[in-house]
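# Residue-level structure breakdown
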Amino acid sequence: MSILQRFNMSGSVAVITGGGRGIGRAIALAYAEAGADVVLAARTLADVEAVAEQVRSRGQRALAVTCDVNDAAQREAMISQAREQLGRITHLVNNAGGAGPNDPLKLSAERFEEILRFNVTSAYALCQLCVPHMRDARTGNVINITSGAARYAQTQFSAYGSAKAALTHLTRLLAQDFAPLVRVNAIAPGPILTDALNRVLPVEMREGMIKNTPLLSLGEPEDIAAAALYLASPASRWVTGKIIEVDGGAESSVWPG
């Protein structure tokens, strides 16, 4: 097998949460170009339907599904649809997640737990649903999208940072549980300039973020997609339980990616 063939994903079926925009969209299109069929899940159906059309234009099958990853019934329905319509599940990208800054003396314990459920419990639950199908296929791969915030010590991010730190270590632990048939890795993005962020990011903040990034530029969703392609493809067949930091060399909290 040539080195370029190691990045071929033909015959794969990937479930991608948060697949309608930004990083999720970029990963979906990268996988389609590499030969994978894609299941796109998000709360807004119009977003994933638009991406699904782009996947199909690349010659691959696509299924767009409305799914709130916090809802157990919706998670189960999505995986059931994926298996019925595309025949198998070999890849899972847990991309849905997020939270804003918080004051630890004002954020309620209930809201703290909601943030953990959104970023960590949903990924855990989707692994439970998908990994048996991967084992049936005798091949499988899980990628969790965590964050540089998992390792930065910064103010106002006790909830989000804790959630992403938990997801990071969950990645390492599940890699041990699911080996050898299923690999589990994570990507920790740094400051990524999505279209949504670009519309609201003040110029002075953007300039400060660039200045504090050694490579002197913000990341693009395609930078994360390239890492996700490597981790999903046979090119990384001997890699599991690892966290790939794609952050322009940042070693401080320039942005909660």
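To start, this report covers the structure provided alongside it. (Residues numbered from 1 in each chain as written. Predicted model: local features only at pLDDT ≥ 70, side-chain atom pairs only at ≥ 80, totals over all residues. Heavy atoms only, no water.)

The helix and strand tally for the chain stands at 8 helices and 7 strands. For a compact globule of 257 residues, the expected C-alpha radius of gyration is about 18 Å, and the chain comes in at 17 Å, within 12% of that figure. Expressed as a percentage of the 257 residues in the chain, the buried residues total 48%. Restricting to contacts in the chain with at least 6 residues of sequence separation, those with at least 24 account for 74%. Element-wise, carbon and sulfur atoms account for 52% of the exposed surface of the chain, whose accessible area totals about 12,100 Å². Side-chain charges in the chain split into 24 positive and 24 negative, and the spacing between the mean points of these groups amounts to 6 Å. (Helix = DSSP H or I, 4+ residues; strand = E, 2+ residues; numbered from the N terminus. Rg over C-alpha atoms; globule rule 2.2 N^0.38 Å. Buried < 20%, exposed > 50% of the residue type's maximum accessible area, 1.4 Å probe, protein only. Contact = heavy atoms within 4.5 Å. Areas by Shrake-Rupley, 256 points an atom, 1.4 Å probe, with all protein chains shown as cover. Lys, Arg positive; Asp, Glu negative; His and termini not counted. Charge placed at Lys NZ, Arg CZ, Asp CG, Glu CD.)

Mapped onto the fold, I143 is located in strand 5 (residues 140-145). When neighbours within four sequence positions are excluded, I143 is seen to be in contact with Y31, L92, V93, N94, N185, I187, A228, L231 and A232.

Moving on to the packing of helix 3 (residues 72-86) against helix 4 (residues 109-137). Look at helix 3 against helix 4: their axes get within 10 Å of each other, and the N-to-C directions meet at 25°. It follows from the interaxial angle that helix 3 and helix 4 lie roughly parallel. Our pair here, helix 3 against helix 4, has a crossing hand that is right-handed. In this structure, helix 3 contributes R75, E76, M78, I79 and R83 to the contact, and helix 4 contributes S122, A125, L126, L129, C130, H133 and D136. For the contact of helix 3 with helix 4, the class distribution of residues is 6 nonpolar, 2 polar and 4 charged. (Axes fitted to C-alpha atoms, helices over the stretch in contact; angles between N-to-C directions. Parallel < 35°, antiparallel > 145°, perpendicular 65-115°, else oblique. Left-handed = near helix turned anticlockwise from the far one by under 90°. Nonpolar A, V, L, I, M, F, W, Y, C, P; charged D, E, K, R; others polar.)

Right, let's get into helix 3. Taking 1.5 Å per residue, 15 residues should reach 21 Å; helix 3 reaches 21 Å between its end C-alpha atoms and fits that length. Those residues of helix 3 that fall on the buried side of the exposure criterion are R75, M78, I79, A82 and L86. Looking straight down helix 3, one finds its buried side chains confined to an arc of 90°; they lie on one side. Among the exposed residues of helix 3, those pointing more than 90 degrees away from its buried face are A73 and E84. Buried residues in helix 3 make contact with strand 1 (13-17), strand 2 (37-42), strand 3 (62-66) and helix 4. Regarding helix 3, its N-cap is D71, as a side-chain oxygen of that residue lies 2.9 Å from the backbone nitrogen of A73 further along. After helix 3 finishes, the residue G87 shows a positive phi value of roughly 90°. (Expected span 1.5 Å × (residues − 1). Arc of directions from axis to C-beta. Polar contact = N/O pair within 3.5 Å; in protein donor to acceptor, adjacent residues only side chain to side chain.)

Of all 6 residues in strand 5, 6 are buried, a share of seventy percent or more. Alternating residues of strand 5 divide into G140, V142 and N144 and N141, I143 and I145, and every residue in both groups is buried. Across 4 bridges, the pairing between strand 4 (residues 91-94) and strand 5 is parallel. Bridging across to strand 5, H91 finds its partner in N141. Since strand 4 and strand 5 lie parallel, the crossover through helix 4 that links them has a hand, and here it is right-handed. Handedness of the crossover is the feature at issue here: the chain leaves strand 5, passes through helix 5 (residues 158-178), returns alongside strand 6 (residues 182-189), and the resulting connection is right-handed. (Pairing = 2+ DSSP bridges. Right-handed = clockwise from strand over helix to strand, strands pointing away.)

In this section: the layout of surface pockets. If you add up the space inside the largest pocket, you get close to 1,300 Å³. Taken together, 45 residues line the largest pocket, and the ones lying closest to its centre are R21, G22, I23, G97 and T194. Sorting the residues of the lining of the largest pocket by element identifies helix 1 (22-33), strand 2, helix 5, helix 6 (195-200) and helix 8 (221-232) as the ones contributing at least two each. Taken together, the residues of the lining of the largest pocket sort by class into 21 nonpolar, 15 polar and 9 charged. T139, G140, L181, R183 and R237 are, among the 24 residues lining the second largest pocket, the residues nearest its centre. For the lining of the second largest pocket, the elements supplying multiple residues, two or more each, are strand 5 and strand 6. Taken together, the residues of the lining of the second largest pocket sort by class into 9 nonpolar, 11 polar and 4 charged. (1 Å grid on protein atoms, 1.4 Å probe; cavity = no way out; pocket = protein on both sides within 12 Å on 5 of 7 lines; lining within 4 Å. Points joined across faces, edges and corners; volume = space filled by probe spheres on them.)

Time to look at the pattern of salt bridges. Scanning all chains against the criterion turns up 7 salt bridges. For the salt bridge of E53 with R56, the shortest nitrogen-to-oxygen distance reads 2.6 Å. In this pair, E53 and R56 both sit in helix 2 (residues 45-57), 3 residues apart, roughly one turn of the helix. For the salt bridge of E245 with R151, the shortest nitrogen-to-oxygen distance reads 3.2 Å. Of this pair, E245 sits in strand 7 (residues 243-246) while R151 sits in the loop between strand 5 and helix 5, and the two are 94 residues apart along the sequence. Connected via shared salt-bridge partners are R151, E245 and D247. (Salt bridge = Lys/Arg side-chain N within 4 Å of Asp/Glu carboxyl O.)

Everything listed is a geometric property; what it means functionally is a separate question.
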